[in-house]
Amino acid sequence: MRRANILVGLALVAGLCGSIALARPMELNWDMLAPAPEPYDNPFADLSVDQMRDLRTVLKAQAAAGDNPASTLPEEAAAARARLDEQGLDVEWLFQQREIIMEKRLAASVSTVPEHVGQNVRIPGYLLPLEIQDGKATEFLLVPTVGACIHTPPPPPNQMVYVTYPQGVAVSGLYTPVWINGTLEADLRTEQVTYSDGKSNVEVSYVMQADLVEAY
């Protein structure tokens with residue numbers, strides 16, 4: 001009987017330890033929130049500095065002309081276009097590839113990692129308050145570096161987390177790192193960040209209602 005009681009006790013302890021282990025949040029770093037980049041052809045990789053400069057000159061001139069088919073390129077842009085043509089470069093095709101690459105990079109910047117969505121996680125970062133009540137931030141962005149979003153451009157959307165924390169966390173500045181614990185969800189959204197000299201909208205790919213916010 002005593003041996004049976006000991007075995008039951010050990011089983012209960014093992015079960016309790018297993019439950020604690022399951023409840024422990026998975027620790028993530030910011031690299032783990034961005035999917036592995038998909039390879040794509042980049043025709044600009046082999047171009048020289050001068051060729052890239054000429055392409056930018058032509059692109060800027062064409063953008064300024066807009067949809068006006070009667071417009072002619074300024075002298076500098078026309079000369080740049082002529083040099084590119086002489087080197088056998090298909091300028092219009094390169095501009096089309098530029099649009100494709102921009103779309104791929106944009107898609108990659110907002111993509112989330114399915115394996116981490118819906119998981120209880122723990123992430124370090126810095127607070128950028130969005131809503132303050134009684135001196136405490138109840139809504140904020142968690143960002144990977146000091147001053148992110150204060151400077152432009154902001155981090156990619158999948159390198160920020162929109163966090164709600166109803167009990168609030170005391171705001172002691174933008175330079176104090178914290179840990180946040182909670183269930184990570186994917187929800188592409190736009191949040192408005194207020195600066196000392198104005199406001200700006202930023203896209204965020206992840207959201208979380210934090211269970212715990214504590215000093216790093």
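Cut-offs used in this document
Residues numbered from 1 in each chain as written. Predicted model: local features only at pLDDT ≥ 70, side-chain atom pairs only at ≥ 80, totals over all residues. Heavy atoms only, no water. Helix = DSSP H or I, 4+ residues; strand = E, 2+ residues; numbered from the N terminus. Buried < 20%, exposed > 50% of the residue type's maximum accessible area, 1.4 Å probe, protein only. Contact = heavy atoms within 4.5 Å. Areas by Shrake-Rupley, 256 points an atom, 1.4 Å probe, with all protein chains shown as cover. Expected span 1.5 Å × (residues − 1). Arc of directions from axis to C-beta. pLDDT = per-residue confidence, 0-100. Salt bridge = Lys/Arg side-chain N within 4 Å of Asp/Glu carboxyl O. Core = buried A, V, L, I, M, F, W, Y, C linked by side-chain atoms within 4.5 Å. Axes fitted to C-alpha atoms, helices over the stretch in contact; angles between N-to-C directions. Parallel < 35°, antiparallel > 145°, perpendicular 65-115°, else oblique. Nonpolar A, V, L, I, M, F, W, Y, C, P; charged D, E, K, R; others polar.

**Describing the overall build of the protein chain**
On a plain count of helices and strands, the protein chain comes out with 4 helices and 6 strands. Walking the protein chain from its N terminus toward its C terminus, one meets helices and strands in the order α-β-α-α-α-β-β-β-β-β. Taken across its 216 residues, the protein chain has 32% of its residues classed as buried. Expressed as a percentage of contacts within the protein chain between residues at least 6 apart in sequence, the contacts between residues at least 24 apart total 71%. As displayed, the protein chain offers around 13600 Å² of accessible surface, 54% of which is attributable to carbon and sulfur atoms.

**Some points on helix α3 (residues 75-86)**
End to end, α3 covers 16 Å across 12 residues, agreeing with the expected 16 Å (1.5 Å per residue, within 8%). Among all positions of α3, only Ala-77, Ala-80 and Leu-84 are buried. Looking straight down α3, one finds that the buried residues subtend no more than 60° of arc, so they occupy a single side. Among the exposed residues of α3, those oriented more than 90 degrees off its buried face are Glu-75 and Glu-86. Looking at the buried positions of α3, the neighbouring elements they touch are α2 (49-65) and α4 (91-110).

**A closer look at the confidence of the model for the protein chain**
Parts of the prediction with low pLDDT should not have their coordinates interpreted in detail. Averaged over all residues, the pLDDT of the protein chain is 86; the fraction at 70 or higher stands at 83%. By mean pLDDT, helix α1 (residues 2-23) is the weakest element of the protein chain at 48, and strand β1 (residues 26-27) is the strongest at 96. This model gives residues 6-14 a pLDDT under 50, and the stretch forms 0 contacts once residues within four places in sequence are excluded. A low-confidence stretch, residues 16-21 stays under pLDDT 50, and its non-local contacts, those more than four residues away or across chains, total 0 contacts.

**Here we look at the environment of Phe-95**
Along the polypeptide, Phe-95 turns up in helix α4. Separated by 40 residues in sequence, Phe-95 and Leu-55 place their C-alpha atoms 8.6 Å apart. Beyond its immediate stretch of four places on either side in the chain, Phe-95 contacts Leu-55, Val-58, Leu-59 and Gln-62.

**Overview of the pattern of salt bridges**
Counted under the stated rule, the structure contains 8 salt bridges. Between Arg-81 and Glu-92 there is a salt bridge whose closest N-O contact spans 3.1 Å. A residue pair is termed long-range when its members are at least 10 positions apart, and Arg-81 in helix α3 and Glu-92 in helix α4 qualify at 11 residues. A salt bridge links Glu-214 to Arg-122; its shortest N-O distance comes to 2.6 Å. Residue Glu-214 is located in strand β6 (residues 198-215), and its partner Arg-122 is located in strand β2 (residues 120-133); the two are separated by 92 residues in the primary sequence. Glu-214 sits in the partly exposed class, given a relative accessible area of 30%. Overall, the relative accessible area of 18% leaves Arg-122 in the buried class. Within the structure, one salt-bridge network assembled from shared partners comprises Arg-81, Asp-85 and Glu-92.

**Quick notes on the nonpolar core**
Grouped together as the largest cluster of nonpolar side chains are 21 residues, with contacts concentrated most on Ile-123, Phe-140, Leu-142, Val-161, Ile-180 and Leu-184. Looking at this core, the elements with two or more residues in it are β2, β3 (136-143), β4 (161-170), β5 (177-195) and β6. Not counting residues within four places of it along the chain, the set of residues in contact with Ile-180 comprises Val-121, Arg-122, Ile-123, Phe-140, Leu-142, Val-163, Met-208, Leu-212 and Val-213.

**Remarks on α2**
Residues spaced three or four apart along an α-helix face the same direction, because each turn holds 3.6 residues. Look at α2: 25 Å from first C-alpha to last across 17 residues, which is about the 24 Å you get at 1.5 Å a residue. Three or more residues of α2 are buried, namely Gln-51, Asp-54, Leu-55, Thr-57, Val-58 and Ala-61. End-on, the buried residues of α2 take up no more than an arc of 160°, which puts them together on one face. In α2, the exposed residues that point more than 90 degrees away from the buried face are Val-49, Arg-56, Lys-60, Ala-63 and Ala-64. In this structure, the buried residues of α2 make contact with α3 and α4. Just past α2, the residue Gly-66 takes up positive phi, approximately 65°.

**Quick notes on the packing of α2 against α4**
At their nearest, the axes of α2 and α4 sit 11 Å apart, and the two run at 80° to each other. Between α2 and α4, the angle is such that the two are roughly perpendicular. Here Leu-55, Val-58, Leu-59 and Gln-62 of α2 lie close against α4, whose contacting residues are Val-91, Glu-92, Leu-94, Phe-95 and Arg-98. Looking at the contact of α2 with α4 residue by residue, the class counts come to 6 nonpolar, 1 polar and 2 charged.

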